[in-house]
Amino acid sequence: MNGLDEGNPEGLELLRKSLKKVQIETELHEVEISSGDIADSSNIFVVFGASGDLARKKIYPTLWALFRDNLLPKDTKIFGYARSKFTVEQIREKCAGTVKAKPGEEEALDRFWQSNHYVAGSYDTKRDFEMLAQEMAGMEKGRNNRLFYLALPPSVFKPVTTMIKETCMADKGWTRVIVEKPFGKDSDSSADLSNHLQKLFSEDQLYRIDHYLGKEMVQNLISLRFGNMIFGPTWNRDSIASVIISFKEPFGTQGRGGYFDEFGIIRDVMQNHLLQILCLTAMEKPVTTSPDHIRDEKVKVLKAVQELTMDDVVLGQYQGDPEGEDEDSRLGYLDDKTVPAGSTCPTFAAAVLKIKNERWDGVPFILRCGKALNERKAEVRIQYRDVPGDIFNGQTARNELVIRVQPNESVYAKVMTKTPGMSFTLEETELDLTYKSRYKDARLPEAYERLILDVFVGSQMHFVRSDELAEAWRIFTPLLHKIDNDKPKPIPYKYGSRGPQEADDMAARSGFTYTGRYKWQEPAKL
């Protein structure tokens, strides 16, 4: 039974242990969650945009995973809200491909959907929101906590949050609002949205979600950096030559170019996901692991980053490969019928960011992201300087520390070693921690699972604060306005390639050495 009460002491103890584990893993300092609070509270999770793709692909599967693993607070009720006049059964049918039960979980899945409700309404009509509030109130008892997830287009953020404030706030418990990116399109629009939200809610009620902050290896950056003496002394300009943070997708827009063309690859990936990883890679050691201490250091490092100009970037747009293996790879970005004719929207971008502080002055942080590239990969690659006083006649290659975010989560260090046998030649190899080999039985939760559970327990460590968001937009806004206004023609690159050669040339000029002779190999399974 997922709902826990006085008659289910074993279940209550399991929930207590689960929440305590989450509390430890996410370092929820000063966040107290007692079994009494859980037992006496009503918890309601509202999915605005319940009929949309984000809800179907991410939100409902996440809620099901938390329900299945007994991590949701007692008797959590889930409300879907959208314009479409759906029923819960129709939502279930819509999510059939994403919300699935393994053998033996069918009964639990039925109970999950029984905990769901649905209200149809507009996003700007007060009466519809009052109806939602009445439906919620009819299922609450005692202390009532309400969590609202805005899985919505940005165009309706303002009316929806205004209606929440006027009609749906919890009267005896907490109210928390999760806002999905994009958080504006530039500094002005972001500031406008932030000002609107801050007039309605306090900062501790707002959770600006960037799902990359919930990924295992992104969260592991803090542990690797500040929990190991072997990294700390070399994590600076004296030892590190360059840092590359990459995001690569092996597919194009696949008929969804209309949305993508409005934002482009920089707004879609670089200004948020990759910049967040840069913060965790480059920030100073926080005083503690409390959310605000960590976010304070992220803001400090962002303030030291110079604004980007066109001289700092390479922009590309993929073209079809006539010899591609499937139809998608033979089509270019402009062949997508949802893309405006003649669009100059970049599908690839590489940017060199400079951090003007004592630790990183002179070290390029190279952000690269693109669609229709040669592989699926997201990683941080820290390349060390050349060994001084080479005694091996040029056989050495630079050491690298690689934190692979996806796929095959891993941490490995590229080092030089003697080739086995009678010779005294050198070769590159790796000191490797691949998670699925080292932690065979561990289930790494999805990013959204971690983050939604963080919201339930009140931890904002892995969410974006308003001043952090403002600094991120400061760095990118001049560049984005230049691209929007001048519409520079992006460099064409072939579907399935590494991207434009000019991006590799820029990285080389900035101090990154790419030999192309080494390929990471997944360790043999024992």
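Residues numbered from 1 in each chain as written. Predicted model: local features only at pLDDT ≥ 70, side-chain atom pairs only at ≥ 80, totals over all residues. Heavy atoms only, no water.

Participant: Please clarify how the sheet that holds strand 6 (residues 206-209) should be interpreted in this entry.
Facilitator: Strand pairs in the sheet, formed through backbone hydrogen bonds, run parallel or antiparallel to each other. Ordered by their spatial adjacency, 6 strands build an open sheet running 3-2-1-4-5-6, and the pairing between neighbours is parallel. The outermost strands of the open sheet, each flanked by one partner alone, are strand 3 (116-120) and strand 6. The sheet shows a mean angle of 20° between the axes of neighbouring strands, direction not considered. Where strand 5 (residues 175-180) and strand 6 come together, 4 bridges link them in parallel fashion. Each bridged residue has a counterpart across the sheet, and for Val177 the counterpart in strand 6 is Leu206. Here helix 7 (residues 157-168) sits on the sheet in contact with strand 1 (41-48), strand 4 (143-150) and strand 5, set at roughly 170° to strand 4. (Pairing = 2+ DSSP bridges. Helix = DSSP H or I, 4+ residues; strand = E, 2+ residues; numbered from the N terminus. Axes fitted to C-alpha atoms, helices over the stretch in contact; angles between N-to-C directions. Contact = heavy atoms within 4.5 Å.)

Participant: Would you explain the confidence of the model for the protein in this entry?
Facilitator: In regions of low pLDDT, the predicted coordinates are not meant to be interpreted in detail. On average, residues of the protein carry a pLDDT of 84, and 85% of them reach 70 or more. Per-element mean pLDDT across the protein ranges from 42 in helix 1 (residues 9-25) up to 97 in strand 9 (residues 348-354). (pLDDT = per-residue confidence, 0-100.)

Participant: In this structure, what is going on with helix 7? I would like to understand it.
Facilitator: Helical periodicity: at 3.6 residues per turn, an α-helix aligns residues three or four positions apart in one direction. Taken as a whole, helix 7 has its buried residues at Phe157, Val160, Thr161, Met163, Ile164, Thr167 and Cys168. Down the axis, helix 7 shows its buried residues gathered within 160° of arc, on one side only. Looking at the packing, one finds that the buried side of helix 7 touches strand 1, helix 6 (126-137), strand 4, strand 5 and helix 8 (187-200). (Buried < 20%, exposed > 50% of the residue type's maximum accessible area, 1.4 Å probe, protein only. Arc of directions from axis to C-beta.)

Participant: Is there a simple way to think about the packing of helix 6 against helix 7 in this case?
Facilitator: When two helices pack together, their arrangement is given by the angle between the helix axes and the distance between those axes. Taken N-terminus to C-terminus, the directions of helix 6 and helix 7 make an angle of 50°; their axes are 9 Å apart at the nearest point. Put simply, helix 6 runs oblique to helix 7. The way helix 6 lies across helix 7 gives a crossing that is right-handed. Facing Lys126, Phe129, Glu130, Leu132, Ala133 and Met136 of helix 6, the residues of helix 7 in contact are Val160, Met163, Ile164, Glu166, Thr167 and Cys168. (Parallel < 35°, antiparallel > 145°, perpendicular 65-115°, else oblique. Left-handed = near helix turned anticlockwise from the far one by under 90°.)

Participant: Is there a simple way to think about unusual backbone geometry in this case?
Facilitator: As a rule of thumb, non-glycine residues mostly have phi less than zero, and peptide bonds are mostly trans rather than cis. Cis geometry marks the peptide bond from Gln406 to Pro407; its omega dihedral reads -20°. Along the chain, Pro407 falls in the loop between strand 12 (400-406) and strand 13 (410-418). Of note in the backbone geometry, Ala372 takes a positive phi value of approximately 60° without being a glycine. By the secondary structure assignment, Ala372 is in the loop between strand 10 (364-370) and strand 11 (377-384). A relative accessible area of 0% places Ala372 in the buried class.

Participant: How do you make sense of the packing of aromatic side chains when you look at a structure like this?
Facilitator: Pairs of aromatic rings are described using the distance from one ring centre to the other and the angle between the two planes. With the rule as written, the count across this model stands at 23 aromatic pairs. Members of the aromatic cluster, connected to one another through ring pairs, are Phe260, Tyr318, Tyr333, Phe348, Tyr493 and Tyr495. Here the guanidinium or amino end of Lys185 rests over the ring plane of Phe263, the centre of that ring lying 5.5 Å away. (Phe/Tyr/Trp six-rings, centres within 6.5 Å; stacked < 30°, edge-to-face > 60°. Lys NZ or Arg CZ within 6 Å of the ring centre and 35° of its normal.)

Participant: Help me understand the pattern of salt bridges, please; the structure alone is not making it clear to me.
Facilitator: Pairs can form between side chains of opposite charge whenever their charged atoms are close. Evaluation of the coordinates by the stated rule reveals 29 salt bridges. The salt bridge partner of Asp467 is Arg465, with a shortest N-O separation of 2.9 Å. A salt bridge links Asp486 to Lys482; the shortest N-O distance between them is 3.0 Å. With Asp486 and Lys482 both in helix 14 (residues 466-486) and 4 residues apart, this pair spans about one turn of that helix. Note on Asp486: relative accessible area 47%, which makes it partly exposed. (Salt bridge = Lys/Arg side-chain N within 4 Å of Asp/Glu carboxyl O.)

Participant: Looking at this structure, how should I read the packing of helix 10 (residues 257-282) against helix 11 (residues 291-303)?
Facilitator: Contact geometry of helix 10 with helix 11 gives a least axis separation of 9 Å together with a crossing angle of 100°. Classified by the angle their axes make, helix 10 and helix 11 are roughly perpendicular. Only Lys298, Val301 and Leu302 of helix 11 make contact with helix 10, whose side of the interface consists of Leu275, Gln276, Cys279, Leu280 and Ala282. Across the contact of helix 10 with helix 11, the residue classes break down as 6 nonpolar, 1 polar and 1 charged. (Nonpolar A, V, L, I, M, F, W, Y, C, P; charged D, E, K, R; others polar.)

Participant: What is the right way to look at helix 3 (residues 53-68) in this model?
Facilitator: Counted at 1.5 Å a residue, the expected span for helix 3 with its 16 residues is 22 Å, and the 22 Å between its end C-alpha atoms agrees. Where helix 3 bends most, the angle comes to about 30°, and this point is Ile59, followed within four residues by the proline Pro61. Residues of helix 3 that are buried include every one of Ala55, Ile59, Tyr60, Pro61, Thr62, Leu63, Trp64, Ala65, Leu66 and Phe67, and no others. Phi for Asn70, located one or two positions after helix 3, is positive at around 65°. (Expected span 1.5 Å × (residues − 1). Bend = angle between axes of the 7 residues up to and from the residue.)

Participant: Would you take a moment to explain a negative patch on the surface for this structure?
Facilitator: On the surface, Glu325, Asp326, Glu327 and Asp328 cluster together to form a negatively charged patch. Considering the arrangement of structural elements, one finds Glu325 in the loop between strand 8 (313-319) and strand 9. (Patch = residues over 30% accessible without salt bridge, like charges linked within 9 Å, V, L, I, M, F, W, Y side chains within 5 Å. Areas by Shrake-Rupley, 256 points an atom, 1.4 Å probe, with all protein chains shown as cover. Lys, Arg positive; Asp, Glu negative; His and termini not counted. Charge placed at Lys NZ, Arg CZ, Asp CG, Glu CD.)

Participant: Sorry, what's going on with the nonpolar core here?
Facilitator: Among soluble globular proteins, nonpolar side chains are generally buried collectively. Residues Phe45, Phe48, Tyr60, Ile266 and Leu353 are the most contacted members of the largest nonpolar core, which totals 144 residues. Ignoring sequence-local partners within four residues, the contact set of Phe45 consists of Ile59, Leu63, Lys77, Ile78, Phe79, Leu147, Tyr149, Ile452 and Phe456. (Core = buried A, V, L, I, M, F, W, Y, C linked by side-chain atoms within 4.5 Å.)

Participant: Would you mind showing me how to read the side chain of Gln205 here?
Facilitator: Inspection of the secondary structure puts Gln205 in the loop between helix 8 and strand 6. For Gln205, a relative accessible area of 17% puts it in the buried group. Once residues within four sequence positions are removed from consideration, Gln205 is found in contact with Met169, Thr175, Arg176, Val177 and Gln460.

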